[in-house]
Amino acid sequence: MEYRHVSISFGVEPLVMYNSYHYRTTLDKVVTSQKVVLFMKGTKEFPQCGFSHTVVQILKSLNVPFETINILENDMLRQGLKEYSNWPTFPQLYIDGEFFGGCDITVEAYKSGELQELLEKILCS
Ligand SMILES: N[C@@H](CCC(=O)N[C@@H](CS)C(=O)NCC(=O)O)C(=O)O
Ligand code: FES
């Protein structure tokens, strides 16, 4: 799939993806730009879907710094991310540059304490 002029509002400079190779390297940069990055529907302040809202609430309750990207603003990004993460839905949580999971996985990991453990390890290193 070709991605032309897909621009993500992220940080100061919008990131532009010109083609499928470029979108992959661009997304590599996005997911490693912060220890915790959440691709979601809506924003941290105003989630637009219950699944995204749940993950935001978990991250807020754990008091960890995290970046969110609203995939509803960009349909090419929305479709491209499904391919990039090999995951068909949102939210998509990245921790330390690695895809961690969607809502169900995050809820389970939160309940078991695995999420807290991983975040402590990542954020204290
Ligand atoms: N079981 C999923 C729930 C998330 C989900 O089903 N998301 C749907 C509805 S919000 C989705 O992203 N569909 C694809 C799309 O909207 O592009 C999870 O654990 O994350
Ligand atoms: S937007 Fe309808 S379930 Fe997420």
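Refer to the structure printed above.
The written sequence of each chain sets the order in which its residues are numbered from 1. Chains carry letters and ligands carry numbers; both start at the beginning, A for chains and 1 for ligands, and go up in the order they are written. Totals for whole chains, interfaces and linings use all residues, but because this is a predicted model, local features are given only for residues with pLDDT of at least 70 and pairs of side-chain atoms are given and counted only at 80 or more. Side-chain metrics rest on all non-hydrogen atoms present in the structure, leaving aside hydrogens and water.

Draft legend 1. Molecular detail of the sheet that holds strand β5 (residues 92-95). Only strands that DSSP links by at least two bridges are regarded as paired with each other. In DSSP terms, a helix is any run of H or I states spanning at least four residues, a strand is any run of E spanning at least two, and both are numbered starting from the N terminus. Strands sit in the order β4-β3-β5-β6 across an open sheet of four strands; the sheet is mixed. Bordering the open sheet on either side are β4 (67-70) and β6 (98-101), each of which pairs with just one other strand. The mean inter-strand angle of the sheet, taken between neighbouring strand axes irrespective of direction, is 25 degrees. Examined bridge by bridge, strand β3 (residues 36-40) and β5 share four bridges and lie antiparallel to one another. Of the residues in β5, the one forming a bridge with Phe39 is Gln92. This element, helix α2 (residues 50-61), spans β3 and β5 of the sheet and lies at about 160 degrees to β3. The contact criterion used throughout is that any non-hydrogen atoms of two residues lie within 4.5 Å. The axes are straight lines fitted to the C-alpha atoms, using for helices just the contacting stretch, and the angles between their N-to-C directions are given from 0 to 180°. Running over the sheet, helix α3 (residues 75-85) touches β3, β4, β5 and β6 and is turned about 55 degrees from β5.

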